[in-house]
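A look at the structure
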Amino acid sequence: MTGYEVTHIGDISVIALPARTSVGNAKQLLDAVQRELQTGRRRIFLDLRKTLTVDSTALGAIVQLARAAAGRGGELTLLGPNEGVRRVLAITRLDSILGIRASMPVDVGSLSP
Amino acid sequence: MMACDTLSVPKVADLVLVVDDTASMRMLYRRVLELGGFRVLEADGAAEALELLARERPSLVLLDYMMPGTDGPGFLRILRERETGSRTPVVFLSAASGSEPMNRGFAAGADDYISKPVDPRVLVARVKSTIAAARERATAERARIIARQRNHLSTELEEGRKLQQRQLPQVPIEAGDWTIAGAVVPCGELGGDVFDVTQAPDGTVTAFVIDVAGHGLAAALVAASVRSVLRLLLAEHSPTEAMARLNRHLCASNEDRYACVAIVQVREETIEIVNAGMPPVCAISAAETARVWGAGTPPGLVPSATYESVRLSADEYTRIFVMSDGLTEPFGLADRVEGAVARLGLEEPWAGPLGKDLGARIALQFEGGQARPPDDATLLVLEAASKTATRRFDASLASIERAVDWAAARAPAWARTERLCFGLAEVIANAIVHGAFGLGSASRGEDLERQLDVIAACPPRPGAIAVTVEPSADACRIRVGWQGTACPRERRSGALPLDLVAPSGRGHTIVYASFDDVSWSEDGKEVTVTVERL
């Protein structure tokens, strides 16, 4: 199973999603984000810049995590989804309830080391 | 080095042979002709004249009509009989009156006839004009001979060109799961490029392109020889070993020739490529374009050269292009085969019969077909047949990606869109989770984590998922069937309410938005999704 790489930049936890994020690895996504929330981190960025496809189960996981983050007073943001992922977010209308950013906020600097 | 324009070639005066039995007349003609700018030889009769003609080649013979022994016409007949090449012009001088002698003279082969007494100016003028007319005749004759030879050579080259083209395989070739086509457009009548295709009894298909250094007849002969040798070697050896042996053969042959060669061999599920000096061989899969660079010097250059091959999965790579540098270098694309593929309009798979118009496509690259290519231009295309294929997969989470990749690779390139991959991933995941594992959507509720644990704990069900790809010119249908639970009738529709909060319905929305058509089998255990070309 694909592991999820977590990077901390300022108060943001950036979790990189694999190329195919699906029912096959959605559990690891849930675990990775919940670990961050449990350690008190509130700003979660799911980095989709290398993600080619996301299935409905993974979308369900993302919705659940967004709700969990909001419940703890935090926020979950999708970072850099490609055109295909954006299209799926649009047809499932999740783009209206999920925060989406094309790039990292300027005030926390670059993701690149 | 002396400049050419400082050289001057002195003009040599024309030589005239005067044949007359009267010494005083010969003396008179000599004086007149020398004053007219000619050199003069004299003979007192036929015998001496024939002796002189065996050694000298006068521009004209001035011949007395009436001579003792062999007379003028008699001598002329002998002269004409002996002439094998160009014909020496002859002018008769005669005191005889009437038309009879004149007719006899012309019948014997004379060019002109002057009656005595002779006006010196007339004599010089008639000699000059006869020589000039003879020269014109000779020049015209030479031109005719050259034209005849040129025509002959053109005919031979044209025959050679036809023969060389006929020796190329008749394309397209259906070989196993592959269709192979190719074309050579030479820069002259004959070219140093060839391609060939062989098929072994075990189904192994091998195609290669040879580009012999240089152009024209010599390169064509070497190319034909290299092709024969390589065919024999490939019947016995692997592509790398065949290339190594070809190299040693060419190095040992002392022909001072070398050739760039690329071999593509398809054996079962593996594509093996050996490239020795050709532009990168281009292999296209659903996900990427692989470029296989030369891995070894062109055969014929370095006796100790070794060769390596690159292996690709025939499951993934469905189109392969090999081209000679005649299709890349003239466009400043020495190593950029993709650019040539795009210019040739080959990015999309063939709509019609593969290969029928390859030569025309190549020719169009050069001033819209109005010019010959500056170098021999050759293209070889291997395209995996777009045939219906079915494969069974285990019902397990690990199968989702494998099944999607397998089906996408078999879909025509125009169908390999993002939405196909999104939709297929969803269809196959549903077939495994809901169909084969029997976990209904309704049971998922809100506890996704627990649901994922249940899914992960499901034991794989071998071969429970069947995926069939049916490509056609206008549409690509993919059928996904499963053993297990049927999809409930009320869910076999795209019109499910989309609940933004619960996961239910999201998968259906993705599937129905991804395909042009979604249909279900009556028993609810198979879904067919369609991507249309237009």
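Since the model is a prediction, treat every value here as computed from it, not as a measurement.

What counts, and at which threshold
Residues numbered from 1 in each chain as written. Chains lettered and ligands numbered in written order. Predicted model: local features only at pLDDT ≥ 70, side-chain atom pairs only at ≥ 80, totals over all residues. Heavy atoms only, no water. Helix = DSSP H or I, 4+ residues; strand = E, 2+ residues; numbered from the N terminus. Buried < 20%, exposed > 50% of the residue type's maximum accessible area, 1.4 Å probe, protein only. Contact = heavy atoms within 4.5 Å. Areas by Shrake-Rupley, 256 points an atom, 1.4 Å probe, with all protein chains shown as cover. Buried area = accessible area lost by both parts, 1.4 Å probe. Salt bridge = Lys/Arg side-chain N within 4 Å of Asp/Glu carboxyl O. Pairing = 2+ DSSP bridges. Arc of directions from axis to C-beta. Polar contact = N/O pair within 3.5 Å; in protein donor to acceptor, adjacent residues only side chain to side chain. pLDDT = per-residue confidence, 0-100. 1 Å grid on protein atoms, 1.4 Å probe; cavity = no way out; pocket = protein on both sides within 12 Å on 5 of 7 lines; lining within 4 Å. Points joined across faces, edges and corners; volume = space filled by probe spheres on them. Nonpolar A, V, L, I, M, F, W, Y, C, P; charged D, E, K, R; others polar. Axes fitted to C-alpha atoms, helices over the stretch in contact; angles between N-to-C directions. Parallel < 35°, antiparallel > 145°, perpendicular 65-115°, else oblique. Left-handed = near helix turned anticlockwise from the far one by under 90°. Phe/Tyr/Trp six-rings, centres within 6.5 Å; stacked < 30°, edge-to-face > 60°.

To continue, consider the overall build of chain B. Along the backbone of chain B there are 13 helices and 21 strands. Out of the 534 residues belonging to chain B, those deemed buried represent 49%. Restricting the contact set of chain B to residue pairs at least 6 apart, pairs at least 24 apart contribute 66%. Working note: accessible area of chain B is about 25400 Å², and carbon and sulfur atoms make up 53% of it.

Secondary structure summary: chain A contains 3 helices and 7 strands in total. In sequence order, the secondary structure elements of chain A are arranged as β-β-β-α-β-β-α-β-α-β. For chain A, buried positions account for 54% of its 113 residues. Considering only residue pairs separated by 6 or more positions, chain A has 67% of its internal contacts joining residues 24 or more positions apart. Carbon and sulfur atoms make up 49% of the accessible area of chain A, which totals about 4900 Å².

Contact residues are listed per partner, giving 32 residues for chain A and 27 residues for chain B. Interface of chain A and chain B: buried area, both sides summed, is about 2500 Å²; carbon and sulfur atoms make up 63% of it. Among the residues chain A hides against chain B, the three largest losses belong to Arg20(A), Val23(A) and Ser56(A). Together they make up 23% of the total. Inspection of the chain A/chain B interface yields 3 salt bridges.

Let's shift gears to the pairing of strand E21 (residues 526–532) of chain B. Residue and element names in this part refer to chain B. Counting buried residues along E21, 5 of its 7 residues qualify, which places the element largely inside the surrounding structure. With 7 bridges connecting them, strand E19 (residues 475–482) and E21 associate as antiparallel partners. Looking at E21, one finds that Val480 is bridged to Val527. Where strand E20 (residues 517–520) lies against E21, 4 bridges are found, and the strand directions are antiparallel. The partner of Asp517 across the bridge, within E21, is Thr530. Remark: 5 residues form the turn of the hairpin made by E20 and E21, two consecutive strands paired antiparallel; Gly524 in that turn has positive phi of roughly 75°.

Okay, helix H3 (residues 83–91) of chain A next. Among all positions of H3(A), only Gly84(A), Val85(A), Val88(A) and Leu89(A) are buried. Taken around the axis of H3(A), the buried residues stretch over an arc of 140°, which confines them to a single face. As for H3(A), its buried residues are in contact with strand E5 (53–54), helix H2 (56–71), strand E6 (75–79) and strand E7 (99–101) of chain A together with helix H11 (418–436) and helix H13 (506–514) of chain B. One side-chain oxygen of the residue at the start of H3(A) lies 3.0 Å from the amide nitrogen of Gly84(A), identifying that residue as Asn82(A).

This paragraph deals with the confidence of the model for chain B. All names here are of chain B. Per-residue confidence for chain B gives a mean pLDDT of 87, with 92% of residues at or over 70. Every residue in residues 1–6 scores below 50 in pLDDT, and together they form 1 contact with partners more than four places removed in sequence or on other chains. Our summary of model confidence lists the complex with pTM equal to 0.53 and ipTM equal to 0.87.

Next up on the list: the side chain of Thr51(A). Residue and element names in this part refer to chain A. Examined against the element boundaries, Thr51 turns out to sit in the loop between strand E4 (43–47) and E5. Using a relative accessible area of 1% as the deciding quantity, one classes Thr51 as buried. A polar atom in the side chain of Thr51 sits 3.0 Å from the backbone oxygen of Pro18. With near-sequence residues (within four places) excluded, Thr51 lies in contact with Leu17, Pro18, Ala19, Thr21, Asn82 and Val85.

All right, on to the layout of surface pockets then. Residues and elements named next belong to chain B. Of the voids in this model, the second largest pocket is the one considered here, and its volume is about 710 Å³. Taken together, 25 residues line the second largest pocket, and the ones lying closest to its centre are Arg57, Ser86, Arg87, Thr88 and Pro89. Breaking the lining of the second largest pocket down by element, the ones donating at least two residues are helix H2 (46–55), helix H3 (72–82) and helix H5 (120–167). With 9 residues, H5 is the largest single contributor of residues to the lining of the second largest pocket. Class assignment of the residues belonging to the lining of the second largest pocket gives a composition of 10 nonpolar, 6 polar and 9 charged.

Now for unusual backbone geometry. The residue after Lys116(B), namely Pro117(B), is reached through a cis peptide bond having omega -5°. With phi around 60°, Arg93(A) is a residue other than glycine that occupies positive phi space. Topologically, Arg93(A) is positioned in the loop between H3 and E7. For Arg93(A), a relative accessible area of 48% puts it in the partly exposed group. Of note, the phi angle at Glu268(B) is positive, near 50°, even though the residue is not glycine. As for its position among the elements, Glu268(B) is in the loop between strand E10 (259–267) and strand E11 (270–276). By relative accessible area, Glu268(B) is classed as exposed at 73%.

Turning our attention to the packing of H2(A) against H13(B). At their nearest, the axes of H2(A) and H13(B) sit 8 Å apart, and the two run at 135° to each other. By the criterion of interaxial angle, the relationship of H2(A) to H13(B) is oblique. The two elements H2(A) and H13(B) meet at a crossing, and its hand is right-handed. When H2(A) is examined against H13(B), the residues Ser56(A), Leu59(A), Gly60(A) and Val63(A) are found in contact with a partner set consisting of Arg506(B), Gly507(B) and Ile510(B). In terms of residue class, the contact of H2(A) with H13(B) is made up of 3 nonpolar, 3 polar and 1 charged.

Before going further, it helps to examine the packing of aromatic side chains. Working definition: an aromatic ring pair is given by the centre-to-centre distance plus the angle between the planes. All names here are of chain B. Counting across every chain of the model gives 5 aromatic pairs over all chains. Pairing Phe393 with Trp406 gives two aromatic rings, centres 5.9 Å apart and planes at 70°, and the pair type is edge-to-face. In this pair, Phe393 sits in strand E17 (residues 389–395) while Trp406 sits in helix H10 (residues 397–410), placing the two residues 13 residues apart along the sequence. Site record: aromatic cluster; members linked through ring pairs are Tyr65, Phe92, Phe106 and Tyr113.

A few words now on the sheet that holds strand E16 (residues 377–384) of chain B. All names here are of chain B. Within the open sheet, the 6 strands sit side by side as E6-E7-E16-E15-E12-E13. Their pairing is antiparallel. The two strands at the open ends of the sheet, each matched to only one other strand, are strand E6 (173–175) and strand E13 (289–292). Neighbour to neighbour, the strand axes of the sheet diverge by 20° on average, direction disregarded. Bridging between strand E12 (residues 281–285) and E13 involves 4 bridges; their strand directions are antiparallel. Note that in E13 the partner of Ile284 across the bridge is Thr289.

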